[in-house]
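Coordinate inspection notes
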Amino acid sequence: LLENGNADGLAQNLTPDDVDAMKSNPDIVIETYPSTAVYWVIMNAPRLLTPEARQGFSYAFPYDDVIDSAYRGLVQRSGPVPSTVIGYDPDVFLYQTDLEKAKELIISAGFNEGDSFDYMFQSGDAVERVIAQLFQANVNSMGFNLELIEVDRSAIVEAVYGDSPAEERPMFFGGWGWWPDYNDPWNQLDPNFSPKDGAGVSNGGWWVNERFSELMDLSQNFQTEEELNEWMKEIQNILTEQDPPAIYYGQVLWYTVLRKDIKGFVPNPIYLSSYNFSDMYREPSA
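Summarised in this report is the structure supplied together with it. (Residues numbered from 1 in each chain as written. Predicted model: local features only at pLDDT ≥ 70, side-chain atom pairs only at ≥ 80, totals over all residues. Heavy atoms only, no water.)

1. A closer look at the packing of aromatic side chains
- One pass over the structure, following the stated rule, counts 24 aromatic pairs.
- Taking the centre distance of 6.3 Å and the plane angle of 55 degrees together, the rings of Y119 and F121 count as tilted.
- We classify F121 as buried; its relative accessible area is 1%.
- The interplanar angle of 65 degrees and the centroid separation of 5.8 Å between the aromatic rings of Y161 and W176 together place this pair among those described as edge-to-face. Here Y161 is found in helix α6 (residues 153-161), whereas its partner W176 is found in strand β6 (residues 172-178), with 15 residues between them in sequence.
- Residue W176 is classed as buried on the basis of its relative accessible area, which comes to 3%.
- Site record: aromatic cluster; members linked through ring pairs are F57, F61, Y63, Y71, F111, F117, Y119, F121, F135, F144, F172 and Y249.
- The ring of Y63 carries R77 above its face, with NZ or CZ at 3.9 Å from the centroid.
- Above the plane of the ring of W206 lies K196, whose end atom (NZ or CZ) is 5.8 Å from the centre. (Phe/Tyr/Trp six-rings, centres within 6.5 Å; stacked < 30°, edge-to-face > 60°. Buried < 20%, exposed > 50% of the residue type's maximum accessible area, 1.4 Å probe, protein only. Helix = DSSP H or I, 4+ residues; strand = E, 2+ residues; numbered from the N terminus. Lys NZ or Arg CZ within 6 Å of the ring centre and 35° of its normal.)

Right, dumping it as structure tokens:
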């Protein structure tokens with residue numbers, strides 16, 4: 001519809017390959033901009049036994065391939081807090097793919113070669129399927145097995161938000177993500193990583209870290225941005241280097257596709273995929 005001129009715009013619902021293909025169309029403009037969204041793989045903390053195992057799988061993740069092959073550059077490395085949100089640590093620890101180190105850590109956590117791990121992701125999502133297959137290839141190359149389980153999105157949401165015990169959940173949930181309701185890192189982190197005391201909390205891996213909870217209590221009612229930054233720096237290090245509950249793809253670059261005669265669009269990093277209709281207009285044809 002966009003290519004034929006029967007639609008004026010759309011936001012963030014094409015595949016990265018589709019976006020690439022549309023870049024060559026002279027009648028189409030693709031607005032790309034930083035978002036407040038971070039995507040990740042949830043790790044099941046009790047089933048993965050120790051922080052070392054989760055560090056190991058973080059080293060096993062194919063970050064560069066995910067950025068280049070799955071997302072076609074529409075994601076940039078980050079921890080759990082995006083660069084567009086206050087409290088972001090520009091020096092946050094970022095894992096690099098290192099399969100030798102990954103295997104060493106996973107073995108040290110009590111697993112053995114030949115052990116199997118299960119990875120759930122959304123069926124029908126081409127990007128998530130590529131990511132799952134890339135991760136599977138890395139895990140299998142280390143001598144382990146990664147079983148891929150495709151389910152409807154509703155099944156993933158029900159599993160993450162539900163109250164089933166960790167033993168009944170897969171070891172990995174692929175394709176989870178979040179962006180805050182307003183510009184605040186507590187609002188980004190609390191729903192996903194604060195202790196899960198029942199249904200309705202998206203800490204799907206039943207991860208618990210006492211120091212994280214202490215710092216989050218302080219951050220909820222910060223008085224100055226300086227003290228928030230101090231607490232958030234330690235929080236982000238806990239969530240990445242020390243005791244990772246997730247493997248972070250990174251901060252998603254959002255896009256809006258418009259016909260070239262549509263002018264006045266301004267992206268909103270909080271209300272993603274929205275349009276500022278009152279300022280937009282169609283440029284008259286010559």
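Picking up where we left off.
2. Looking at the nonpolar core
- Ranked by size, the top nonpolar core spans 54 residues in total, and within it F57, Y71, F117, Y119, F135 and F172 carry the most contacts.
- Mapped by element, the contributors of at least two residues to this core are α1 (16-22), β2 (28-43), α2 (51-60), α3 (63-70), α4 (99-108), β4 (116-122), α5 (126-141) and β7 (246-259).
- For this core, the leading source of residues is β7, giving eight residues. (Core = buried A, V, L, I, M, F, W, Y, C linked by side-chain atoms within 4.5 Å.)

3. Quick word on the environment of L94
- Tracing the chain through its elements places L94 in the loop between β3 (75-76) and α4.
- Sequence spacing of L94 and N25 is 69 residues, and the spatial spacing of their C-alpha atoms is 36 Å.
- Leaving out residues up to four positions away in the same chain, L94 has contacts with R77, S78 and G79. (Contact = heavy atoms within 4.5 Å.)

4. Remarks on the packing of helix α8 (residues 210-219) against helix α9 (residues 225-242)
- Running from N to C, α8 and α9 cross one another at 155 degrees; their axes reach a closest spacing of 10 Å. Judged on the interaxial angle alone, α9 and α8 are roughly antiparallel. The way α8 lies across α9 gives a crossing that is left-handed. Across the interface between the two elements, R211, F212, L215, M216, L218 and S219 of α8 pack against L228, W231, M232, E234, I235, I238 and L239 of α9.
- Classifying every residue of the contact of α8 with α9 gives ten nonpolar, one polar and two charged. (Axes fitted to C-alpha atoms, helices over the stretch in contact; angles between N-to-C directions. Parallel < 35°, antiparallel > 145°, perpendicular 65-115°, else oblique. Left-handed = near helix turned anticlockwise from the far one by under 90°. Nonpolar A, V, L, I, M, F, W, Y, C, P; charged D, E, K, R; others polar.)

5. Focus on unusual backbone geometry
- Of note, the phi angle at Q12 is positive, near 55 degrees, even though the residue is not glycine.
- As for its placement among the helices and strands, Q12 is situated in the loop between β1 (9-11) and α1.

6. Thoughts on the pattern of salt bridges
- Under the definition given, this model contains 13 salt bridges.
- The partner of R54 in a salt bridge is D243, with the nearest N and O atoms 2.6 Å apart. Within this pair, whereas R54 is found in helix α2, its partner D243 is found in the loop between α9 and β7, the two being separated by 189 residues in sequence. Summarising the burial analysis for this pair, R54 and D243 share the class buried. (Salt bridge = Lys/Arg side-chain N within 4 Å of Asp/Glu carboxyl O.)

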